Each structure stands twice: as structure tokens, then as C-alpha cells.
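# Results of the structural survey
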Amino acid sequence: MTTLTIAYLTIRETQRRRILWIALALGLLFLFVFCLGFHYVYLDFERTWVGNEEAQLLASLLLAAGLYATNFIAIVISVVTSVTAVSAEVETHTVETLLTKPIRRWELVLGKWLGFAVMLLVYIVLLTGSILLFVYLRADYTVSNLLPGMMLMVMQGLLLLSLTIAGGTRLSSLANGVLAFMLYGVAFVGGWVEQIGAIVRNETAVDIGIVASLIMPSEILWKKALTLFQPAFTSSPMMAGPFTVASQPSDAMLVYAVLYMAGMVGFALWSFTRRDL
Amino acid sequence: MSAQPLTIHTMSLRKEFGAKVAVADLSLQVGRGEVFGFLGPNGAGKTTSVKMLLGLTRPTAGTAVLLDKPLGDRQARAKIGFLPEHFRFHEWLRAGEFLDLHGRLYGMNREARAAAIPDLLALVGLADRTATKLQAFSKGMLQRIGLAQALLNDPEIVFLDEPTSGLDPLGRLLVRDIIDGLRGEGRTVFLNSHLLGEVEKTCDRVAFIRDGRVLQTISLHDPEERVQVTLRVGSPTPQLLADLTQFGEHVNLSRHNGRIHLTLAHESRLPDLAAWLVQSGYSLYELNPQRLSLEDRFLQIVGNDSGDGAAR
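What comes next is a walk through the structure. None of these values were measured; they are calculated from a predicted model.

Another aspect to go through is the packing of aromatic side chains. All names here are of chain A. All told, the structure shown has 15 aromatic pairs over all chains when counted by the stated rule. Note on F38 and Y42: the rings are 5.7 Å apart at their centroids and 15° apart in plane angle, and the pair reads as stacked. Residue F38 and its partner Y42 are located together in helix α2 (residues 19-47), separated by four residues, close to a single helical turn. With relative accessibility at 2%, the residue F38 sits in the buried group. Since its relative accessible area comes to 3%, Y42 is described here as buried.

And the structure:
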């Protein structure tokens with residue numbers, strides 16, 4: 001019950017402090033730019049009509065680029081909105097009147113996590129769904145595994161959210177932000193190292209990528225999402241260019257990512273309960 | 001010590017932050033219905049002590065009982081109100097929403113919240129501000145709404161940390177009235193303040209703390225109040241100063257104006273002192289007794305806890 005009160009409070013806060021509205025407005029702007037760009041590039045292609053197969057390939061390439069950008073926005077939103085969630089309450093002393101009430105500390109942390117998780121879920125599904133819908137309406141292109149793919153993109157947001165919530169129980173807002181983005185950077189670079197390693201068949205590079213994914217398993221969720229959306233397309237590096245997935249994340253890695261997230265949430269609840277305020 | 005049952009009882013509470021000892025040995029007892037002042041210089045460990053009592057900070061050693069429950073107990077917290085020193089709240093909430101949220105956190109149902117909130121807003125003089133966002137509030141108004149928040153649950157103990165720091169004289173009077181009201185209802189008030197005038201007017205008992213230890217606890221209703229005496233005697237001798245110690249403590253001769261200061265345990269010693277001076281052949285020009293203000297006592301106790309030498 002307290003957890004739900006805090007979750008509601010968290011959503012209300014992002015709304016009252018205009019974070020929600022700005023994120024939604026700029027999400028719309030992003031969609032507008034993508035749709036406009038997609039429309040004109042596709043129009044050009046339609047005029048020099050070569051065949052249905054090429055048209056579908058172009059649509060899938062543009063869609064992959066759009067999803068890539070969507071994914072990046074989802075990551076930034078996940079970190080930036082939640083990075084102060086716990087630490088700012090401590091830094092501004094607002095936490096003192098909350099935690100002297102008959103509530104448990106973990107309820108506060110879980111409530112915050114839940115509030116942001118709901119908002120991220122809605123935001124990422126709306127943004128991704130809008131892009132997929134537009135591409136379907138404009139180019140009659142449909143992706144495979146719609147829901148599992150979207151859920152993996154949401155999962156990546158939740159993974160970063162769990163990381164910032166966990167960091168916020170011990171670190172200052174700024175240090176927490178640096179930690180989250182740097183860990184994401186490690187995963188990002190690791191993902192590319194693994195990718196290139198897989199293409200040139202360099203096992204050491206692939207191993208480095210795997211280690212990076214163990215440190216921060218965010219990039220593999222995105223890769224898995226993309227391969228679920230476009231299985232045929234993304235498996236061929238020559239066709240798909242930068243949005244290829246040469247090295248498929250294993251199922252074990254997905255399980256690891258889920259455990260990683262659960263571990264982060266668990267650490268956050270434990271860590272905040274132990275902390276002196 | 002109050003004959004009433006205890007609401008707060010701490011036994012050798014200690015808090016270390018690494019090598020730094022914030023609270024060395026805090027042992028105190030507060031009775032039900034008491035207004036208890038907690039006084040000490042900056043860095044004495046007052047805020048850390050309060051945070052331990054409220055379960056925000058875990059003691060390194062020692063134990064405490066609040067409302068018959070161990071520290072940090074949730075059932076006890078349901079009966080505690082707290083206005084922190086840094087009264088920062090979620091400023092994007094409206095005053096009514098803010099109280100409603102804190103009522104929910106206290107576990108109050110909708111009816112209880114709806115009944116309590118308008119009364120409390122009226123009590124702290126913010127009845128017409130229900131729909132105002134806290135970010136539009138002045139410092140004093142924030143402190144008032146914070147006070148209302150601390151009273152939402154009809155608390156049995158109210159912890160007030162510097163509750164008048166942001167208030168004008170009218171606001172201070174209001175806080176004093178509220179504290180008197182709480183005392184009248186048999187509630188305990190734990191007041192952390194260094195406005196000694198305020199404390200003197202509101203508290204029943206005060207504890208002086210320094211370096212995380214209770215140096216002394218005194219009752220402000222105690223009729224056995226000590227008196228500070230200023231004497232002007234013709235040609236005071238070292239022998240006179242030595243003899244005066246039989247009447248009181250803190251005897252000293254002011255080099256500045258030649259007057260002798262000493263503290264008597266009770267004003268009933270005054271006639272004896274005057275008679276002795278005259279009988280001993282000293283010419284007495286001036287004998288000026290003054291009740292020790294809380295500030296005098298604060299300086300005597302906190303400024304000098306070794307018990308000898310000049311306090312002022």
C-alpha cells in the first residue's frame with residue numbers, strides 16, 4: 001500500500017515538475033522528424049520503383065535506424081529521470097519526514113522504482129509502437145515478434161533504472177549519473193567490439209564483448225530486440241550495415257540480464273535500509 | 001525526574017562516524033507529558049541524537065526505548081511526530097496534498113485525513129493556503145506546514161528540531177501556544193533549540209549536552225534555583241575570597257570593577273551571607289542577587305563542565 005502511494009507520488013512528481021510533459025512533447029517531435037524523414041526517403045524510392053523486395057529492405061533499414069534512436073532516447077530518459085530519485089530525497093532532507101513515518105525504507109525505494117518503471121514502460125511502448133505503426137502504414141512493413149521485442153527494449157530501460165535506483169541509495173546524484181552512463185558506455189563499446197570481433201572472427205574481441213556484457217548487460221537486450229523484430233535482415237552484415245547483429249546474444253545472457261536487474265533492485269532495497277541518514 | 005511513566009529512555013547511546021565520535025554516551029529519560037529541552041553548542045551531537053531516536057541513524061552502541069518499543073519500531077513511529085531542522089518538503093505539492101500524503105504515510109484512512117487536515121491548517125494559520133503549492137511558501141510558512149505535518153497523527157511524542165528558526169515573533173508565539181496545548185493534552189515534546197529564551201518559556205526540563213554527553217539535566221520549575229550574587233566590599237582580601245566558598249561556588253574577583261561574583265545554591269543563603277560579611281568586619285557597599293537565567297546556566301554548565309573556576 002505504501003509502495004503504491006510512493007509510486008503514485010513519483011509519477012505525480014515527474015508530471016508536476018514538467019519532466020513528463022517535456023519528455024512526451026519531445027518524443028512527439030522525435031516521431032515527427034522520423035516519420036517525415038522516412039516518408040520522403042521512401043517516396044524517392046517509390047518513384048524509382050525497383051521491386052517489392054528492395055522496398056521492404058529499405059523500410060527495414062530505416063526502421064532499424066529509427067529503433068536505434070528510440071533505444072538511445074529510452075536509455076537517456078531512464079537514467080536522467082531516475083538518477084536523482086533516491087539521492088535527491090536524501091540531499092534535500094525531504095526523506096527525513098518520510099522515513100520517520102511508520103513506513104519501511106524498502107517500501108520507499110520500491111515505490112520509486114515502480115513509479116518510474118510504469119512511466120518507462122508506457123513511454124517506450126508508445127514511442128516504439130508509434131514508429132512501428134507508422135512504418136506499417138506507410139510502407140506496409142511489419143516486424144516479427146512485436147511484443148517480445150518491445151518488452152526487451154522496455155527491459156533495457158528497467159535495467160538502467162534499477163542501476164540508478166541502486167546507485168542512488170549510496171551515491172550523490174552526480175556520481176550516480178556518471179556511474180550509470182559510464183557503465184552504459186562500457187556495454188555499448190563492448191557490444192561493438194564483440195560485433196566486429198564476430199565479423200572478423202577474432203575470438204579475443206568477442207570475449208571482451210562478453211565480459212563487457214557481464215559488467216553491464218544492457219546492449220545485449222537491444223541486440224536481442226532487434227533480431228527479434230527483424231530476424232532475416234539483421235543476420236546479414238552486408239545487407240544491414242551498422243544495424244546488424246553479427247554476434248547473437250545467448251539465452252543465458254538474457255537470463256543473466258534479468259538476474260542482474262533483480263540483483264540491482266534487491267541491492268537498492270537492502271542498501272537503503274542499512275544506510276544512516 | 002518526572003514521576004510519570006517514561007516515553008523516552010536512552011541507555012548509553014553512542015554513534016561513531018569512522019573515527020569521529022558524534023555521540024559519546026547519551027543517557028536520558030523523558031517522562032510522559034513533559035516538554036523536554038535538548039541544549040548544547042553546535043556540534044554537540046544534538047541532531048545525531050535525535051536522528052538515532054527517530055530511527056534515521058543506527059547507534060554504534062547502547063539502546064533506547066521509545067513508547068515501550070525499541071529504536072526504529074514502526075508501531076512507535078506511528079505515534080511520533082517530527083519537524084526536522086532542515087524543513088525541506090516536496091515543493092511541487094499543494095499544502096493540502098502535502099498533509100494528505102503524510103497522513104497516508106501515517107496509515108490514516110481517508111476520513112481521518114479529511115477530519116484532521118483543515119483543523120491543522122487552521123491551527124498553524126494556513127487555512128486559506130490549502131491549494132497553494134509549497135514552492136510559493138515563505139520559510140516561515142514552510143515551517144508552519146511542517147509543524148502541522150508533525151501533528152497529523154495525534155502523536156504521543158513530538159520531536160521539534162529548531163521549530164522557530166524561520167518564524168517571526170508572532171509565529172514563535174504560535175509555536176509556544178501549540179507546545180503548551182500539547183503539554184495540556186499529556187503529550188511529550190522533545191525540543192531541540194538554541195534559542196534559550198524560547199526554551200526557558202516552554203520547557204519543563206532541559207538537558208545540557210556537549211561532546212555527545214549529557215552534562216546535566218535540570219528542571220525549570222525547580223524552586224531551588226541558584227542565585228548569582230555580585231558583591232562590592234571595601235578592600236577585598238584573598239582570605240575573603242577563600243572564606244566565601246563556604247557560601248557558594250564560582251567565587252571570583254573581577255579585576256575590571258573590583259566586584260566579587262559568586263553563585264549561591266539557594267537564595268535563602270543571602271541573609272547569612274550579608275550577616276557574615278558585616279560581622280566579619282567587611283564594609284559592604286553592594287549586594288546584588290540575580291536569578292540565574294538559562295543562558296547563565298548554559299554558559300556555566302556547557303562552557304565549563306569541570307565544576308571549578310570562573311564561569312563568566
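Moving on, there is more to tell.
Bringing the pattern of salt bridges into the picture now. Going through the model one piece at a time under the given rule, you end up with 25 salt bridges over all chains. Among the salt bridges present, the one from B:E286 reaches B:R232, with a minimum N-O distance of 3.4 Å. Of this pair, B:E286 sits in strand β14 (residues 284-291) while B:R232 is found in strand β11 (residues 227-233), placing the two residues 54 residues apart along the sequence. B:E286 sits in the partly exposed class, given a relative accessible area of 21%. Through salt bridges with shared partners, a single ionic network connects A:R12, A:R16, B:R94 and B:E97.

Residues and elements named next belong to chain A. A cluster of nonpolar side chains, namely W21, L24, V118, L121, V122, L126, L147 and M151, defines an oily patch on the protein surface of about 700 Å² accessible area. When contributions to the nonpolar patch are tallied by element, the ones reaching two or more residues are α2, α6 (105-139) and α7 (146-168). Sort the elements by how many residues they give to the nonpolar patch and α6 lands first, with four residues. Note on placement: L121 falls in helix α6.

Parameters at a glance
- Residues numbered from 1 in each chain as written.
- Chains lettered and ligands numbered in written order.
- Predicted model: local features only at pLDDT ≥ 70, side-chain atom pairs only at ≥ 80, totals over all residues.
- Heavy atoms only, no water.
- Phe/Tyr/Trp six-rings, centres within 6.5 Å; stacked < 30°, edge-to-face > 60°.
- Helix = DSSP H or I, 4+ residues; strand = E, 2+ residues; numbered from the N terminus.
- Buried < 20%, exposed > 50% of the residue type's maximum accessible area, 1.4 Å probe, protein only.
- Salt bridge = Lys/Arg side-chain N within 4 Å of Asp/Glu carboxyl O.
- Patch = residues over 30% accessible without salt bridge, like charges linked within 9 Å, V, L, I, M, F, W, Y side chains within 5 Å.
- Areas by Shrake-Rupley, 256 points an atom, 1.4 Å probe, with all protein chains shown as cover.

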